Amino acid sequence: MPTRAEREPKVGDGEGGDDTTAIDAAAERVILDRFRGEDVRIVSEEVGVEGDGRWTVVVDPIDGSLNAKRGIPFFSVSIAVAEGDTMDDVVFGYVYDFGAREEWTATRGGGALLGGNRIVERPKDELEILSFEATTTAYVSENAGRFDGVAHRLRVMGSLAVTLCHLAAGRVDGVVSLKPARSVDIAAAQLLVREQGLAIDLPDAPPFGAAPLDLEGRSRVVAAGNEELCSRLATALTA
């Protein structure tokens, strides 16, 4: 789908609540075909929940769909594998950034990797760069002032999965999603964050580890290099 005219048309309504565009549907079809016949229960943004296998596989075929449709090279595929129904049950996370062509992986208890190499960089112990996600103009204008004096600079990237990976690698120092996130948005990348010993929270519906692996957005997300900074972000967001 080399042109926007091919990528952008709406072809349906996703079970996750967003429009399904041609590029979303095509990407999901390839991924689901790969899992056919496996012992899995699929939770995917477009088709919803399929199957009742032993392993729960949480899929966002394209995280950063608007970027993908417009040709902005910052979007990803996000796949998490879990042995149960909550965030704490995620045992493997995979995020591939199609713009930078970077492969991010994490295994529970086995650490976080970038391109097969262990991640060694960490966020700073200050919020020098804070990344916003879920950033309509209204969300940004309503919330940016809350972080004056909390974070020095803002970045708006357009893919929550990739942005959380960037936090895991110390490229940004904090992440805030301004609208409730679903498990398909964060299930894979959160494992990189947690395997790096960083902090992530759902301030509107704690605790984080008990969050169900489904398609409902229950809480906004905050994440940072340590619990203190994460708590500062949560306080600013919910005040």
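Here, the structure is the one placed above.
Each value, and the rule that gives it
Residues numbered from 1 in each chain as written. Predicted model: local features only at pLDDT ≥ 70, side-chain atom pairs only at ≥ 80, totals over all residues. Heavy atoms only, no water. Helix = DSSP H or I, 4+ residues; strand = E, 2+ residues; numbered from the N terminus. Rg over C-alpha atoms; globule rule 2.2 N^0.38 Å. Buried < 20%, exposed > 50% of the residue type's maximum accessible area, 1.4 Å probe, protein only. Phe/Tyr/Trp six-rings, centres within 6.5 Å; stacked < 30°, edge-to-face > 60°. Pairing = 2+ DSSP bridges. Axes fitted to C-alpha atoms, helices over the stretch in contact; angles between N-to-C directions. Expected span 1.5 Å × (residues − 1). Bend = angle between axes of the 7 residues up to and from the residue. Contact = heavy atoms within 4.5 Å.

What follows deals with the overall build of the chain. Per the secondary structure count, the chain includes 7 helices and 15 strands. For the chain, the C-alpha radius of gyration of 17 Å lies close to 18 Å, the compact-globule estimate for 239 residues. Along the first, second and third principal axes, the C-alpha atoms of the chain reach 50 × 40 × 35 Å. Within the chain, buried positions represent 52% of all 239 residues.

Right, let's talk about the packing of aromatic side chains for a bit. Taken as a whole and judged by the stated rule, the model has 3 aromatic pairs. Both rings, one in Phe75 and one in Phe98, keep their centres 5.6 Å apart while their planes meet at 25°; by these two values the pair is stacked. Here Phe75, found in the loop between α3 (65-70) and β6 (76-82), pairs with Phe98, found in the loop between β7 (90-97) and β8 (102-107); they are 23 residues apart in sequence, far enough to count as distant. Among the residues examined, Phe75 registers a relative accessible area of 17% and is labelled buried. Their ring planes at 75° and their centres at 5.1 Å tell us that Tyr96 and Phe98 sit as a pair that is edge-to-face.

Strand order in the open sheet formed by 5 strands is β12-β11-β13-β15-β14, and the pairing between neighbours is mixed. Across the chains shown, the open sheet's two edge strands, defined by having one partner strand only, are β12 (153-156) and β14 (199-201). Adjacent strand axes in the sheet meet at a mean angle of 15° when their direction is disregarded. In this sheet, β12 lies alongside strand β11 (residues 129-133) in parallel orientation, the contact comprising 4 bridges. Looking at the pairing, Ile129 lines up with Arg153 of β12.

What follows deals with unusual backbone geometry. Along the chain, Pro206 connects to Pro207 via a cis peptide bond; the corresponding omega equals 0°. On the secondary structure map, Pro207 appears in the loop between β14 and β15 (219-224). Phi at Arg101 is positive, roughly 55°, even though this residue is not glycine. Along the chain, Arg101 falls in the loop between β7 and β8. We note that Ala134 has phi near 60°; this positive angle belongs to a residue other than glycine. Relative to the elements of secondary structure, Ala134 occurs in the loop between β11 and α4 (137-143).

As a further point, take helix α6 (residues 183-195). Between the first and last C-alpha of α6 there are 17 Å, a value that for 13 residues agrees with the 18 Å anticipated at 1.5 Å per step. For α6, the principal kink sits at Ala189 and spans about 35°. Counting buried positions over the 13 residues of α6 gives 11, a clear majority of the element. Every buried residue of α6 is accounted for by Ser183, Val184, Asp185, Ile186, Ala187, Ala188, Ala189, Gln190, Leu191, Leu192 and Val193. Phi turns positive one or two residues past the end of α6, at Gly197, with a value near 75°.

This paragraph deals with the pairing of strand β13 (residues 174-181). For β13, a buried count of 6 out of 8 residues is recorded, marking the element as mostly surrounded by other parts of the structure. As judged from the 4 bridges shared by β11 and β13, these two strands associate in the parallel manner. Paired with Glu133 across the two strands is Ser177, which belongs to β13. Examined bridge by bridge, β13 and β15 share 5 bridges and lie antiparallel to one another. Across the sheet, Gly174 pairs through a bridge with Ala224, a residue of β15.

As a further point, take the environment of Pro203. Here Pro203 lies in the loop between β14 and β15. In this structure Pro203 comes out as partly exposed when scored by relative accessible area, which is 21%. Along the backbone, Pro203 and Ser231 are 28 residues apart, and their C-alpha atoms lie at a distance of 8.9 Å. Setting aside anything within four residues of it in sequence, one finds Pro203 in contact with Ser219, Arg220, Val221, Val222, Ala234, Leu237 and Thr238.

Neighbouring strands of a sheet are bound in pairs by backbone hydrogen bonds; such pairs are parallel or else antiparallel. If you walk across this open sheet you meet the 8 strands as β4-β3-β5-β6-β7-β8-β9-β10, and the pairing is mixed. Every interior strand has two partners, whereas the edge strands, β4 (48-50) and β10 (117-118), have only one. Helix α2 (residues 22-35) rests against β3 (40-44), β4, β5 (55-63) and β6 of the sheet, and its axis sits at about 155° to β5.

Bear in mind that shape data such as this cannot, by itself, settle questions of function.
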